[in-house]
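Below are the chains, spelled out letter by letter.
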Amino acid sequence: TYSEPSVSSQIESNETDIGMDQSENSSQVTEDVDIGSLYMRNLCLFYMQLQAKCLVPSSTIQMIVEEINGLNDICHQYTKDKIIETLRMKTCMSDTVIDSVFQSLQETDLHASCSSHLSAEYTRRQYFQKNFCYVHPENVYLGTDEHRRDRYAQYIPLADTLRALLKVSKSCSF
């Protein structure tokens, strides 16, 4: 299982990276890529389930995306402030070293790096179509109801669905 390294191990790893052999270094990069891919896949599946299974409108999903991003930013800032406070009180690290540690941590913010691809409805749809077997539903205007509200139905185009399925079956070996 994966667990986040502590701040002290992050600091120590910066000092020992020079002596690390190539296979260890490449395995760490592979692990980071795998965790990033897993996180991105799960984030995408969450947004797709909201839309498809829970029938949440895309405008509401957009609000959820923005709020999750905001909460993530607040969480990271709070954690950063607490760690900086602890490092200053309990270690003799200079502010320059502490700032460089947090600069490297900020560059590895998993959620921020993944959510940039999913921050707008258009980019989410493009990402879903490129990386999943996703076909965007089309709106069909049905007319107005007795309260003079426009009514729509949605359908998923059959030709696009077949293309997506054939694309997936070509990439799979049976």
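Scroll up to find the structure.
Residues numbered from 1 in each chain as written. Predicted model: local features only at pLDDT ≥ 70, side-chain atom pairs only at ≥ 80, totals over all residues. Heavy atoms only, no water.

A. Layout of the packing of aromatic side chains. The full count for this structure, using the stated rule, is four aromatic pairs. Ring centres 6.4 Å apart and planes at 80 degrees place the aromatic pair Phe-128 and Phe-132 in the edge-to-face group. One exposure class covers both Phe-128 and Phe-132, and it is buried. An angle of 70 degrees between the planes, with centres 5.5 Å apart, marks the rings of Phe-128 and Tyr-134 as edge-to-face. Given a relative accessible area of 14%, Tyr-134 falls into the buried group. Ring pairing ties together the aromatic residues Phe-128, Phe-132 and Tyr-134, which thus form one cluster. (Phe/Tyr/Trp six-rings, centres within 6.5 Å; stacked < 30°, edge-to-face > 60°. Buried < 20%, exposed > 50% of the residue type's maximum accessible area, 1.4 Å probe, protein only.)

B. Representation of the pairing of strand β1 (residues 138-144). Pairing between β1 and strand β2 (residues 150-155): six bridges, direction antiparallel. Looking across to β2, one finds that Asn-139 is bridged to Gln-154. (Pairing = 2+ DSSP bridges. Helix = DSSP H or I, 4+ residues; strand = E, 2+ residues; numbered from the N terminus.)

C. Structural view of unusual backbone geometry. Backbone geometry places Leu-55, a non-glycine residue, at a positive phi of 55 degrees. Residue placement: Leu-55 occurs in the loop between α2 (22-52) and α3 (58-90). Judged by its relative accessible area of 67%, Leu-55 falls in the exposed class. For Arg-148, which is not a glycine, the phi torsion comes out positive at approximately 60 degrees. Mapped onto the elements, Arg-148 comes out in the loop between β1 and β2. Accessibility expressed as a relative area gives 74% for Arg-148, which makes it exposed.

Limitation: the analysis is restricted to geometry and does not speak to function.
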